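Residue-level structural notes
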Amino acid sequence: MKKTFLLLGCLILLAACAGQQPATTPTPDAPLFATATPSSSPIPVTDTPAATATLESTATPFPQFFTDEFDGSLAGWVILQAGNESTPNIKNENSRLFLQMDAPYSWVYALYGPQDYGGVRVDTKFVNNALSPASMGLICNYSETDGWLEYNVSTDGTYNVLFGKWLSNGVADYLPILDGSSNQIAQSGVEQQISMTCSNGTLALYINDTLIRNVDVSHYERGSGKVGLTASSYENTPVIASFDWMKVSQP
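Residues numbered from 1 in each chain as written. Predicted model: local features only at pLDDT ≥ 70, side-chain atom pairs only at ≥ 80, totals over all residues. Heavy atoms only, no water.

Considering the overall build of the chain
How we decide: By the criteria applied, helices consist of DSSP H or I runs no shorter than four residues and strands consist of E runs no shorter than two, each listed in order from the N terminus. Any residue under 20% of the maximum accessible area for its type is buried, any over 50% is exposed, and the rest in between are partly exposed; the area is computed with a 1.4 Å probe on protein chains only. Note on contacts: a residue pair is in contact if any heavy atoms of the two residues lie within 4.5 Å. Areas reported as accessible are Shrake-Rupley estimates using a 1.4 Å probe. Residue values count occlusion only from the protein chains shown.
Looking only at helices and strands, the chain has zero helices and 17 strands in total. Burial analysis of the chain (251 residues in total) assigns 53% to the buried set. If you take every contact in the chain between residues at least 6 apart in sequence, the share linking residues at least 24 apart comes to 67%. Accessible surface, the chain: about 10400 Å² in total, of which carbon and sulfur atoms supply 47%.

A few points about the side chain of serine 249
Position of serine 249 among the secondary structure elements: in strand 17 (residues 239-249). Owing to a relative accessible area of 15%, serine 249 belongs among the buried residues under this scheme. Apart from residues no more than four positions distant in its own chain, serine 249 is found in contact with Phe65, Val120, Arg121 and Asp123.

Focus on empty space enclosed by the protein
What counts here: Buried and open spaces are told apart on a 1 Å grid over the protein atoms alone, a cavity being a set of points where a 1.4 Å probe fits but cannot get out and a pocket being an open set with protein on both sides within 12 Å along at least five of seven lines. Residues with an atom within 4 Å of a point are the lining residues. Grid points are joined across faces, edges and corners, and a volume is the space filled by probe spheres set on the points. Note on residue categories: nonpolar means Ala, Val, Leu, Ile, Met, Phe, Trp, Tyr, Cys or Pro, charged means Asp, Glu, Lys or Arg, and polar means any other residue, Gly included.
What the rule picks out here adds up to two cavities of 30 Å³ or more. As a volume, the largest cavity reaches approximately 70 Å³. Along the wall of the largest cavity there are 13 residues; nearest its centre are Phe126, Thr155, Ala186, Gln187 and Gln192. Listed by contribution, the elements that provide at least two residues to the lining of the largest cavity are strand 8 (120-128) and strand 10 (147-154). Broken down by element, the lining of the largest cavity gets its largest block of residues, three residues, from strand 8. Of the residues that constitute the lining of the largest cavity, the class distribution is seven nonpolar, six polar and no charged. Quantified by volume, the second largest cavity comes out at close to 40 Å³.

Considerations on the pattern of salt bridges
Here is the rule: Definition used for salt bridges: Asp or Glu carboxyl oxygen within 4 Å of a side-chain nitrogen of Lys or Arg.
Under the criterion given, the structure shown has six salt bridges. A salt bridge links lysine 91 to glutamate 93, with the shortest nitrogen-to-oxygen separation between them at 3.6 Å. The exposure class assigned to glutamate 93 is partly exposed, which follows from its relative accessible area of 37%. Between aspartate 244 and arginine 96 there is a salt bridge, with the nearest N and O atoms lying 3.9 Å from each other. Highlighted residues: aspartate 244 in strand 17 and arginine 96 in strand 6 (residues 96-101), separated in sequence by 148 residues. Judged by its relative accessible area of 22%, aspartate 244 is partly exposed. Linked through salt bridges whose partners overlap, the residues forming this network are Arg96, Glu191 and Asp244.

A closer look at the state of the cysteines
Quick note on the threshold: The disulfide criterion used throughout: a pair of cysteine sulfur atoms within 2.5 Å.
Counted according to the given criterion, the structure contains one disulfide. Each sulfur of the disulfide joining cysteine 140 and cysteine 198 lies 2.0 Å from the other. With the S-S dihedral at roughly -105°, the linkage between cysteine 140 and cysteine 198 falls on the left-handed side. Of the two residues, cysteine 140 is situated in strand 9 (residues 134-143) and cysteine 198 in strand 13 (residues 192-199); the sequence distance between them amounts to 58 residues. For cysteine 198, a relative accessible area of 1% gives the class buried.

What to know about unusual backbone geometry
The amide bond that connects threonine 237 to the next residue, proline 238, takes the cis arrangement and shows omega of 5°. Mapped onto the elements of the fold, proline 238 is located in the loop between strand 16 (225-233) and strand 17. Of note in this structure, phenylalanine 70 is not a glycine but carries a positive phi near 55°. At serine 95, a position not held by glycine, the phi torsion is positive, near 60°. Summarising the element assignment, serine 95 is placed in the loop between strand 5 (89-93) and strand 6. Residue serine 95 is classed as partly exposed on the basis of its relative accessible area, which comes to 34%.

Below, the structure is given as structure tokens:
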């Protein structure tokens, strides 16, 4: 099962320490990315899309454009986990960011919190280490209140673009924009590079630096927002998505 359908009522955001329940109503006065307050806490998994993010301390300002090779601090990153009550295993090790899901039908988002972007290009290289069917992808124009755009590549050779939006805390609506297939998509266990530009109401989708699709998304009125990475499990687990690097640059 893939996220290519309307999903209502099953996107549950969980706390890393378990035992917390999602709020039943939105809390607009406590947005997830309201501040970039440094602390010594590790990268968190939030219990609600309206929780205030806690960021790891850093000696330099959070950059706007950068390449993160995941060989140091995870300052600025916020993790959202959805779809299952099993807490994901998130770590950076051996210069890679690992997003591990041990429960089926789980979705994990790693969002770069300190910056919002208008026109932006996002690139990443990843591999599905556990060989279970899964998808990995990129996020742009993320907003707690107005939604986000999501480009997913699946290990079965298909890809899709979705528009996601919170209906309330813990409940999201996914609207399929398009889907397709490409013989350039690698199987599980093989490294894959994907890229996406988000600019002027258009998404440009790339696999291994080859443009595969231009998508008009002006109808969704998502002109700016945050960027990030995503990984999903289906019926078989575990899924261990490891990201070698992520680059954020001008389109």
